[in-house]
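Here are the chains, one letter per residue:
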Amino acid sequence: MTEISSLCVFCGSKMGADEAYADAARALGREIAQRGVNLVYGGGGIGIMGILAHTVLAEGGTVTGVIPHFIMELEVGDPGLTELILVDNMHDRKRKMFELSDGFITLPGGLGTLDETFEIITWKQLRQHSKPIVVLNAGGYWDPFKGMVEKIIDQDFAHAAAAELFTVVDTPAEVFPALADAPEPQDVVLTDHL
Ligand code: AMP
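Before going into details, it helps to say that this report is about the structure given with it. (Residues numbered from 1 in each chain as written. Predicted model: local features only at pLDDT ≥ 70, side-chain atom pairs only at ≥ 80, totals over all residues. Heavy atoms only, no water.)

### A closer look at the layout of surface pockets
Here is step 1 of the chain: Counted as a void, the largest pocket has a volume near 370 Å³.
Here is step 2 of the chain: If you go around the largest pocket, you meet 27 residues; those closest to its centre are Cys11, Gly12, Ser13, Gly112 and Thr113.
Here is step 3 of the chain: Looking at the lining of the largest pocket, the elements with two or more residues in it are strand S1 (6–10), helix H2 (47–58), helix H4 (90–100) and helix H5 (111–125).
Here is step 4 of the chain: With 5 residues, H5 is the single largest residue contributor to the lining of the largest pocket.
Here is step 5 of the chain: Here the residues of the lining of the largest pocket are counted per class, giving 13 nonpolar, 8 polar and 6 charged.
Here is step 6 of the chain: A volume near 160 Å³ is recorded for the second largest pocket.
Here is step 7 of the chain: As for the second largest pocket, its lining consists of Phe118, Ile121, Thr122, Gln125, Val149, Ile152, Ile153, Phe157, Ala158, Ala162, Leu165 and Phe166.
Here is step 8 of the chain: Breaking the lining of the second largest pocket down by element, the ones donating at least two residues are H5 and helix H6 (143–154). (1 Å grid on protein atoms, 1.4 Å probe; cavity = no way out; pocket = protein on both sides within 12 Å on 5 of 7 lines; lining within 4 Å. Points joined across faces, edges and corners; volume = space filled by probe spheres on them. Helix = DSSP H or I, 4+ residues; strand = E, 2+ residues; numbered from the N terminus. Nonpolar A, V, L, I, M, F, W, Y, C, P; charged D, E, K, R; others polar.)

Written as structure tokens, this is what we have:
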């Protein structure tokens, strides 16, 4: 596996209802900074996104935000970031975040987080990349997500090996070991039904 020097984290622009979500963001932010890994994220200064970025910076780490012009004000783009990349639209944002990152982590978040996570998983299913993807199931938030993917496989809308496209962990301490142990995607996830 390629060494991880830059990690993209998808997470909510709101705080959510359980303290466990922000706690996980703080713990993950500390770990990212201590390991000298650059954080790539959506550039916003609010919600779980803001907690994560501010923690990494407070711990001496580096942060690259990628934000479209039209969201800059909505998500209070943070001028304190190491680097803020302004892009034209959501597609450019997701492509840029993908290009800059050696792996992906999903913390609790809303519809945008879900969209970003499913997109990076489906790109892997389509064999467009083989970068590790870890879903941090803080407070059990992503249990329904896990269940949905199990249902998709159970109902034969994806090969069983699709479950290996990402790893679900319960604690921030498990994130980096899971990134290192992520299996290579199998060709069968793409070719099974062709
Ligand atoms: P949310 O999880 O909805 O709080 O959003 C988290 C991040 O995803 C924010 O930076 C949003 O700008 C972004 N986002 C929201 N909706 C979408 C979408 N449809 N596609 C991609 N990203 C989105």
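Structure shown, so let's carry the discussion forward.
### Focus on empty space enclosed by the protein
Here is step 1 of the chain: A full pass over the atoms with the stated rule returns 1 cavity of 30 Å³ or more.
Here is step 2 of the chain: The volume enclosed by the largest cavity comes to roughly 50 Å³.
Here is step 3 of the chain: Lining the largest cavity are Phe10, Lys94, Met97, Phe98, Phe104, Glu116, Glu119, Ile120 and Trp123.
Here is step 4 of the chain: Of all elements in the fold, only H4 and H5 reach the threshold of two or more residues within the lining of the largest cavity.
Here is step 5 of the chain: It is H5 that provides the largest number of residues to the lining of the largest cavity, a total of 4 residues.
Here is step 6 of the chain: Within the lining of the largest cavity, the residues separate by chemical class into 6 nonpolar, no polar and 3 charged.

### Some thoughts on the pattern of salt bridges
Here is step 1 of the chain: Following the criterion strictly, the structure yields 6 salt bridges and no others.
Here is step 2 of the chain: A salt bridge links Glu119 to Lys94; its shortest N-O distance comes to 3.5 Å. In this pair, Glu119 sits in helix H5 while Lys94 sits in helix H4, placing the two residues 25 residues apart along the sequence.
Here is step 3 of the chain: When its relative accessible area of 21% is taken as the criterion, Glu119 is described as partly exposed.
Here is step 4 of the chain: Since its relative accessible area comes to 15%, Lys94 is described here as buried.
Here is step 5 of the chain: With its nearest N and O atoms 2.3 Å apart, the salt bridge here joins Asp187 to Arg127. Of this pair, Asp187 sits in the loop between helix H7 (175–181) and helix H8 (188–191) while Arg127 is found in the loop between H5 and strand S6 (133–136), placing the two residues 60 residues apart along the sequence.
Here is step 6 of the chain: The class of Asp187 is exposed, set by a relative accessible area of 53%.
Here is step 7 of the chain: Judged by relative accessible area, which is 29%, Arg127 ranks as partly exposed. (Salt bridge = Lys/Arg side-chain N within 4 Å of Asp/Glu carboxyl O. Buried < 20%, exposed > 50% of the residue type's maximum accessible area, 1.4 Å probe, protein only.)

Treat this as a map of the structure, not an account of what it does.
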